[in-house]
Amino acid sequence: MGGHSRCRVGAGNDDAPGPLAGAHPGLPDRHPIVAGLGDFEVDDERYTYLRTAPDLVPLATHEHEGVEYPLLWARTYGDARIVYDALGHDAASFASPTHRTIIARAAHWLTD
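Here we come to the overall build of the chain. When you go through the chain residue by residue, the secondary structure sums to 2 helices and 7 strands. Mapped from its N terminus to its C terminus, the chain presents α and β elements in the order α-β-β-β-β-β-β-β-α. Residues classed as buried in the chain amount to 40% of the 112 residues present. Partitioning the contacts of the chain with sequence separation of at least 6, the portion at a separation of at least 24 is 57%. On the chain, roughly 6,100 Å² of surface is accessible, and the fraction owed to carbon and sulfur atoms is 53%.

Now for the packing of aromatic side chains. Describing an aromatic ring pair means giving the distance of the ring centres and the angle of the ring planes. The final tally for this structure, using the stated rule, is 2 aromatic pairs. Residues Y49 and Y69 carry aromatic rings whose centres are separated by 5.7 Å and whose planes lie at 65° to one another, so their mutual orientation is edge-to-face. Linking Y49 in the loop between strand 3 (40-48) and strand 4 (51-52) with Y69 in strand 6 (residues 67-77), this pair joins segments that are 20 residues apart in sequence.

What counts, and at which threshold
- Residues numbered from 1 in each chain as written.
- Predicted model: local features only at pLDDT ≥ 70, side-chain atom pairs only at ≥ 80, totals over all residues.
- Heavy atoms only, no water.
- Helix = DSSP H or I, 4+ residues; strand = E, 2+ residues; numbered from the N terminus.
- Buried < 20%, exposed > 50% of the residue type's maximum accessible area, 1.4 Å probe, protein only.
- Contact = heavy atoms within 4.5 Å.
- Areas by Shrake-Rupley, 256 points an atom, 1.4 Å probe, with all protein chains shown as cover.
- Phe/Tyr/Trp six-rings, centres within 6.5 Å; stacked < 30°, edge-to-face > 60°.

Written out as structure tokens, the structure is:
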């Protein structure tokens, strides 16, 4: 990911180690997009070894080799609200009802 995009989005990565089976909503009490949601299963790729901005709020994470990595996050950049969703590489990812709920909530939060 290029430097300007990485700055706005809040992270960049060097590795996608393989398929993802489960995701954990991050900090469900800190953000309305994931409020009240539990862990969910999703068939998708995962990204690790991310270099993340300190102000991003993880909305869902996965564990790899004992370390939690964000899959979805929210942040502000100036006056803009940003949500990044690393999931959704193909239709299988959207079979997860929780993932679809997060996408709908994210759209609402971004346009509210």
